[in-house]
Amino acid sequence: MGDVGLADVRQARERFDDESVVRETPLELNRSLSAMADATVHMKMEHLQRTGSFKTRGAYNKLVQLAERGDVSRVVAASAGNHAQGVAIAATKNDIDSTIVMPRHAPQAKVDATRSYGGDVELEGTDFQAAMAHAQTLTDGDDVEFVHAYDDPAIVAGQGTLGLEIYEALPEVDTVIVPIGGGGLIGGISAALAELDPEIRVVGVQAEAAATVPDSLDKGIPQSIDDAKTIADGIATGGISELTFGLIQEHVDEVVTVSDDEIASATLLLLERAKQLVEGAGAASVAALLSDDLDVADETVVPVLGGGNIDISMLQTVLDHALTDRDQLLRLRVRIEDQPGKMEAVSGLISDRGANIRTVRHDRAVGDLQVGEAYLVFQVVTSGSEHARTIIEAIEAAGYEVSRVN
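Keep in mind it's a predicted model, so treat the numbers as computed, not measured.

1. Overview of the sheet that holds strand β2 (residues 40-44)
So, point 1. The strand order across the open sheet formed by 6 strands is β1-β2-β10-β7-β8-β9, and the pairing between neighbours is mixed. In the strand order of this sheet, the two ends are held by β1 (27-29) and β9 (254-258), each with one partner. Ignoring which end each strand starts from, the neighbouring axes of this sheet average 25° apart.
So, point 2. Summarising the sheet, strand β8 (residues 201-207) and β9 pair through 5 bridges and their orientation is parallel. Looking across to β9, one finds that valine 203 is bridged to glutamate 254.
So, point 3. The sheet strands contacting helix α8 (residues 184-196) are β7 (175-179) and β8, and the helix crosses β7 at an angle near 160°.
So, point 4. Taken strand by strand, helix α11 (residues 260-274) contacts β2, β8 and β9, and its axis lies near 90° from that of β9.

Right under this line is the structure:
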């Protein structure tokens, strides 16, 4: 049995007395996603929360209670970024100092934001687990408390307020899709919904490279992985806790996994069709919605967009990945005689067919080339698969050997 229930979630919401820290986020119908999923899809826009993530809910619920106790002057937390910001702003609002340990590769945007909310940031380790280990060494002293990202009933109850908001705004909901990292969000949401309406299906989604929950459910105890690398860094915790595992076992109906390709495609889709900038962890729910592993036909569905804190360099990587998958970004290698005018000739074949050349380079020091030959490597922006095929066929028809290298 889990240690968090609807009463705890309701009490957490009563503590949300400052809309500058936690506010109710919109629930928005999206017709494009509805058509694609053959369902009625309402997006829970939690990426519009203060700090850009649901994590502020749990952190504020926890810090208000610590402030009421009055015996804590500093909190310590470990985070890949979103929990860090939530703890920092919640601590500052409650006049408590905070030290946040983040992995060295944490997105700079999240590091900068955490500092701006008043947190002292230390960068340690290459992943969340390493940051966690270091953070736990900083808790000496009776007036210092560690604030776990998900292994804490107060944190889980705070995250569960999302479930209350969804139900109150859309009581006819059939399925709620929730990203899973450490399990605090889905634990809280599922605990609340189980008491509000046990007929509501709660589906969890993990990135394939960080998917610890399916294995945990199979083995009956929480499992972890050492190297959870995914573009959805917000859910790359590498493990869940006994608390969240118990809530998932008790209340979650189904858990699916999605690839980084699917997450990247969902991120681009949300930009195009919903005009929403969402990080990989937030887009995972839409990736699951559109996957073949989840049937939501004719249902009313709510994917939770849990966060929007995506680093711009990561956004470029994600978009390039998604555009490549759509054949809208090609990398073509064309074999030529290394003579003046050849680059112009091949470039003309591409531009004459309405494609834009983003970059081009010569490769001469390649083992399979003959003396006097070279490769031209083009990065080309197209309108899609048919356009890409037309370009390749035109280059081949002109007598060049061409291959796609992405």
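2. Re the pattern of salt bridges
So, point 1. Under the counting rule described, the total for this entry stands at 23 salt bridges.
So, point 2. For glutamate 279, the salt bridge is made with lysine 110, and the minimal N-O distance between the two is 3.1 Å. Residue glutamate 279 is found in the loop between α11 and α12 (280-289), and its partner lysine 110 is found in helix α5 (residues 108-116); the two are separated by 169 residues along the sequence.
So, point 3. A relative accessible area of 1% places glutamate 279 in the buried class.
So, point 4. Among the residues examined, lysine 110 registers a relative accessible area of 1% and is labelled buried.
So, point 5. Residue arginine 335 is joined to glutamate 401 by a salt bridge in which the shortest nitrogen-to-oxygen separation is 3.9 Å. Pair noted here: arginine 335 is in strand β11 (residues 329-337) and glutamate 401 is in strand β14 (residues 401-404), with a separation of 66 residues, a long-range link.

3. Details of the side chain of glutamine 85
So, point 1. Position of glutamine 85 relative to the elements: it lies in helix α4 (residues 82-93).
So, point 2. Glutamine 85 has contacts with Thr51, Lys110, Ala113, Thr114, Tyr117 and Asn309, leaving out every residue within four places of it along the chain.

Scoring rules and cut-offs
- What you see as residue numbers is a count from 1 along each chain, following the sequence as written.
- At least 70 in pLDDT is required for a residue's local features to be given in this predicted model, at least 80 for side-chain atom pairs to be given and counted, and no such filter applies to totals for whole chains, interfaces and linings, which use all residues.
- Hydrogen atoms and water are omitted, and side-chain values are computed over all heavy atoms in the structure.
- Between any two strands, pairing holds if DSSP finds at least two bridges.
- Helix numbering and strand numbering both begin at the N terminus, where a helix is a DSSP run of H or I of at least 4 residues and a strand a DSSP run of E of at least 2.
- Whenever a helix is involved, its axis is fitted only over the stretch in contact; in every case the axis is a line through C-alpha atoms, and angles between N-to-C directions fall within 0 to 180 degrees.
- A contact between two residues is defined here by any heavy atoms of the two lying within 4.5 Å.
- Salt bridge, as applied in this entry: a Lys or Arg side-chain nitrogen positioned within 4 Å of an Asp or Glu carboxyl oxygen.
- When accessible area is computed with a 1.4 Å probe and restricted to protein chains, residues below 20% of their type maximum are described as buried, those above 50% as exposed, and intermediate ones as partly exposed.

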